[in-house]
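# Examination of the molecular architecture
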Amino acid sequence: MHKLFSRETGVPVYFCDPKSPWQRGTNENTNGLLRQYFPSGLALSTYSQHDLDVIALRLNNRPRKTLGFLSPTS
């Protein structure tokens with residue numbers, strides 16, 4: 001499924017290496033940030049593309065400790 005996703009969207013998919021928990025920290029943090037906007041069990045289809053774009057902009061401009069308090073777009 002991830003290969004189809006990457007092929008169709010042009011977005012690469014990465015997986016953490018086995019027995020490498022330090023690689024999952026940022027992933028878990030990002031999941032927590034996403035849950036602030038998308039509660040568990042809620043269908044994303046309830047959001048418009050505009051809503052999703054606004055949320056993506058907010059998340060991508062939010063400073064992150066792991067990035068030296070820069071944002072992903074900095």
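Scroll up to find the structure.
Residues numbered from 1 in each chain as written. Predicted model: local features only at pLDDT ≥ 70, side-chain atom pairs only at ≥ 80, totals over all residues. Heavy atoms only, no water.

So, about the overall build of the chain. Helix and strand counts for the chain come out as 3 helices and 0 strands. If you list the helices and strands of the chain from N to C, you get α-α-α. In summary, the chain has a C-alpha radius of gyration of 14 Å against a globular reference of 11 Å for 74 residues, an excess of more than 25%. Here the C-alpha coordinates of the chain stretch approximately 35 × 35 × 25 Å along the principal axes. Within the span of the chain, comprising 74 residues, buried residues form 11% of the whole. Of the accessible surface of the chain, which amounts to about 6,200 Å², a share of 59% is contributed by carbon and sulfur atoms. (Helix = DSSP H or I, 4+ residues; strand = E, 2+ residues; numbered from the N terminus. Rg over C-alpha atoms; globule rule 2.2 N^0.38 Å. Buried < 20%, exposed > 50% of the residue type's maximum accessible area, 1.4 Å probe, protein only. Areas by Shrake-Rupley, 256 points an atom, 1.4 Å probe, with all protein chains shown as cover.)

Taken together, F5, V11, V13 and F15 make up a surface patch of nonpolar side chains, about 360 Å² in accessible area. For V11, the position within the fold is in the loop between α1 (2-9) and α2 (25-37). Here V11 falls in the partly exposed class, since its relative accessible area comes to 40%. (Patch = residues over 30% accessible without salt bridge, like charges linked within 9 Å, V, L, I, M, F, W, Y side chains within 5 Å. Salt bridge = Lys/Arg side-chain N within 4 Å of Asp/Glu carboxyl O.)

Before going further, it helps to examine the packing of aromatic side chains. This model, assessed by the stated rule, comprises 1 aromatic pair. Taking the centre distance of 4.9 Å and the plane angle of 80° together, the rings of F38 and Y47 count as edge-to-face. (Phe/Tyr/Trp six-rings, centres within 6.5 Å; stacked < 30°, edge-to-face > 60°.)

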